[in-house]
Amino acid sequence: MQARMNHPVMVLPDAMKPLQALGDLTKNSLPEKLLELVYLRASQINGCSVCVDMHSKLAGKAGETGERLFAVAAWRDTPYFTEAERAAMALTEALTRISDRADPVPDEVWSEADKHFDEAELSALILAIAKINVWNRLNVAVRQPVGVWKV
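A brief structural summary. In this text, all values refer to a predicted model and were calculated from it rather than measured experimentally.

Parameters and conventions
- Residues numbered from 1 in each chain as written.
- Predicted model: local features only at pLDDT ≥ 70, side-chain atom pairs only at ≥ 80, totals over all residues.
- Heavy atoms only, no water.
- Helix = DSSP H or I, 4+ residues; strand = E, 2+ residues; numbered from the N terminus.
- Rg over C-alpha atoms; globule rule 2.2 N^0.38 Å.
- Buried < 20%, exposed > 50% of the residue type's maximum accessible area, 1.4 Å probe, protein only.
- Areas by Shrake-Rupley, 256 points an atom, 1.4 Å probe, with all protein chains shown as cover.
- Lys, Arg positive; Asp, Glu negative; His and termini not counted.
- Charge placed at Lys NZ, Arg CZ, Asp CG, Glu CD.
- Salt bridge = Lys/Arg side-chain N within 4 Å of Asp/Glu carboxyl O.
- Expected span 1.5 Å × (residues − 1).

## Examining the overall build of the chain
Right, so step 1: Counting its regular elements, the chain contains 8 helices and 0 strands.
Right, so step 2: Listed N to C, the secondary structure of the chain is α-α-α-α-α-α-α-α in terms of helices and strands.
Right, so step 3: For the chain, the C-alpha radius of gyration of 15 Å lies close to 15 Å, the compact-globule estimate for 151 residues.
Right, so step 4: When its C-alpha atoms are laid out on the principal axes, the chain stretches across 40 × 30 × 30 Å.
Right, so step 5: Burial statistics for the chain: of 151 residues in total, 40% are counted as buried.
Right, so step 6: Only carbon and sulfur atoms are counted for the fraction: they give 56% of the accessible area of the chain, which is about 8200 Å².
Right, so step 7: Within the chain, one finds 17 positive and 20 negative side-chain charges whose respective centroids are separated by 10 Å.

Structure representation (structure tokens):
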């Protein structure tokens, strides 16, 4: 596969700074393995092959097991995830698929996340989900090939 154009953050390098800053904020507020699961799940939904590849590798480097990584797409039907991880993935799915339902983030999804994360952690989680969705959309739009960016 060949990209349609140079990546937007390479064409407009000032765009990279706020995206990296947002990543730094969320990185300090939540466990790395949880963030990588969230990034992987959103990237699967959005069909972003670059991010699926990158975040599965980064999750492995963070100590995530292959068993859990292979199960992310079917997280509801596997016993491998904690209740907090499940709440984070449900919120990830809701915020990634906001046009799929009249109430994009149902109260039960929000309540479950609210049980496991305090306000600062929830803020970081929402920002992390927004950030990966931005990266997914940039990569999908230009058809960014896997392997160009190394982890």
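Next comes the rest of the account.
## Focus: the pattern of salt bridges
Right, so step 1: Across all of its chains, the model carries 9 salt bridges by this definition.
Right, so step 2: Its salt-bridge partner being K57, residue D53 comes within 3.2 Å of it at the nearest N-O pair. Of the two residues, D53 and K57 are both situated in helix α4 (residues 49-61); the distance of 4 residues between them amounts to about one turn of the helix.
Right, so step 3: Residue classification places D53 among the partly exposed positions, given a relative accessible area of 22%.
Right, so step 4: Among the ionic pairs, R68 bridges to E85, the shortest N-O distance being 2.7 Å. Here E85 lies in helix α6 (residues 83-96) and R68 lies in helix α5 (residues 66-71), a separation of 17 residues in the sequence. The burial state of R68 is the same as that of E85; both residues are buried.

## Looking at the side chain of R86
Right, so step 1: If you trace the backbone, R86 turns up in helix α6.
Right, so step 2: The side chain of R86 sits in the buried core without any salt bridge; E83 is the nearest counter-charge, 4.0 Å away.

## Looking at helix α3 (residues 32-46)
Because each turn of an α-helix spans 3.6 residues, side chains separated by three or four positions in sequence point in the same direction.
Right, so step 1: Over its 15 residues, α3 extends 21 Å from the first C-alpha to the last, a length consistent with the 21 Å expected when each residue adds 1.5 Å.
Right, so step 2: Of the residues making up α3, those classed as buried are L34, L35, E36, L37, V38, Y39, L40, R41, A42 and S43.
Right, so step 3: Downstream of α3 by one or two residues, G47 has phi in the positive range, about 65°.

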